[in-house]
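# Inside the fold
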Amino acid sequence: MAYTNSSMVAYTKLSPNHSGQRTHSIDRITPHCVVGQCTAEGLGDWFAKSSTKASSNYGIDKDGRVGLYVEEKNRSWCSSSNANDQRAVTIECASDTTERDQFYMEDHHEAIISREDFEAVGQLIAQHAKEKNIKKADQKYQNKYPFTGKIFCGCCGSPFKRKVNYTGNLRYPSWVCREHIDHKEHCPMKAIREDDIERAFMTVINKLVFGRKEVLQVLLDSLRSETHKAM
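Just so it is clear, the structure is predicted and the values come from calculations on it, not from any experiment.

Quick look at the overall build of the protein now. Broken down by element type, the protein carries 7 helices and 10 strands. Counting all 231 residues of the protein, 31% fall into the buried class. Considering only residue pairs separated by 6 or more positions, the protein has 64% of its internal contacts joining residues 24 or more positions apart. About 15200 Å² of surface is accessible on the protein, with carbon and sulfur atoms providing 53% of the total.

Overall, the prediction assigns the protein a mean pLDDT of 78, with 76% of residues at 70 or greater. Low pLDDT, under 50, characterises residues 98-105; the predicted model gives this stretch 2 contacts beyond four residues in sequence or across chains. Residue range residues 137-142 is modelled with pLDDT below 50. Its contacts to residues more than four positions away, or to other chains, number 3 contacts.

Residues Tyr58, Ile91 and Leu208 are the most contacted members of the largest nonpolar core, which totals 13 residues. Residue assignment for this core shows that the elements contributing at least two residues are strand S4 (58-60), strand S5 (66-68), strand S7 (88-94), helix H6 (194-210) and helix H7 (212-230).

Attention shifts here to the side chain of Asn165. Inspection of the secondary structure puts Asn165 in strand S8 (residues 160-167). Not counting chain neighbours up to four residues away, the residues in contact with Asn165 comprise Leu170, Arg171, Tyr172, Pro173 and Ser174.

This next bit is on the sheet that holds S4. Ordered in space as S1-S5-S4-S7-S3, the 5 strands form an open sheet in which the pairing is mixed. In this open sheet, the two strands that pair with only one neighbour each are strand S1 (11-12) and strand S3 (28-34).

This part takes up helix H1 (residues 40-48). Within H1, the full set of buried residues consists of Ala40, Leu43, Gly44 and Phe47. Angular distribution of buried residues about the axis of H1 spans 100°; they occupy a single face of the element. Summarising the contacts, the buried residues of H1 are in contact with S1, S3, S4 and S7.

Our focus in this paragraph is the pairing of S8. Examined bridge by bridge, S8 and strand S9 (residues 170-177) share 8 bridges and lie antiparallel to one another. In the strand pairing of S9, Arg162 is matched with Trp175. The antiparallel pairing of S8 with S9 creates a hairpin that spans 2 residues between the two strands, and Gly168 there sits at a positive phi of about 65°.

In total, this model carries 4 aromatic pairs according to the counting rule given. Ring geometry for Tyr145 against Trp175: centres 6.3 Å apart, planes inclined by 90°, an arrangement best described as edge-to-face. Separated by 30 residues along the polypeptide, Tyr145 in the loop between helix H4 (136-142) and S8 and Trp175 in strand S9 bring together distant segments of the chain. For the ring pair Phe147 and Phe201, a centre distance of 5.8 Å and an interplane angle of 80° mean the geometry is edge-to-face. Separated by 54 residues along the polypeptide, Phe147 in the loop between H4 and S8 and Phe201 in helix H6 bring together distant segments of the chain. Within the aromatic cluster, the residues linked to one another by ring pairs are Tyr145, Phe147, Trp175 and Phe201. Cation over ring: Arg193 sits above Tyr172, and NZ or CZ is 4.2 Å from the ring centre.

Analysis parameters
Residues numbered from 1 in each chain as written. Predicted model: local features only at pLDDT ≥ 70, side-chain atom pairs only at ≥ 80, totals over all residues. Heavy atoms only, no water. Helix = DSSP H or I, 4+ residues; strand = E, 2+ residues; numbered from the N terminus. Buried < 20%, exposed > 50% of the residue type's maximum accessible area, 1.4 Å probe, protein only. Contact = heavy atoms within 4.5 Å. Areas by Shrake-Rupley, 256 points an atom, 1.4 Å probe, with all protein chains shown as cover. pLDDT = per-residue confidence, 0-100. Core = buried A, V, L, I, M, F, W, Y, C linked by side-chain atoms within 4.5 Å. Pairing = 2+ DSSP bridges. Arc of directions from axis to C-beta. Phe/Tyr/Trp six-rings, centres within 6.5 Å; stacked < 30°, edge-to-face > 60°. Lys NZ or Arg CZ within 6 Å of the ring centre and 35° of its normal.

Right, dumping it as structure tokens:
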């Protein structure tokens, strides 16, 4: 399969931190949030160090500029998962340093897919659930919390489980690696507060929303083109 890097790249500094040619075709996008409001050049300098032992295909800096650090044909070192990085276009996103009020506004910006397509996907999922005899109780469990089945340990790869913590009169939820809960000696990963995960998630989503035309739409068009060629 031929791979084409995004035409929206404003800065390029290729990193030595990658595993070479992918072993799986691209079928997903994985955003990752870097701590701080970095620049495309600063992120490139960081990934250029072999001691960093990390990289991503692309980066979106604090001004929305797109950087290229690992060509799409190669597997980056971004998500601590070889299986994921082999098949994902990875994007490192600069984070905000200050908190801002958050509001929900329907139809505030142009969607990547139409509402009709979104509903059609929902119908397709329901059809597969019916064909595979997935019971409603199982589905309810899988969707109990927004992050259920979506967070995996960077140390051992196990899924995270939501847990409510109590400290005096304070009650707060956190997410913990299942392997760490069952066998602490096998995995050192500590619990992460849910509000910290929510802030990181919203930061990445906001970056992708504002850079959707420069990054997501280009990648979506590329995936559609490769799919069409394979048919």
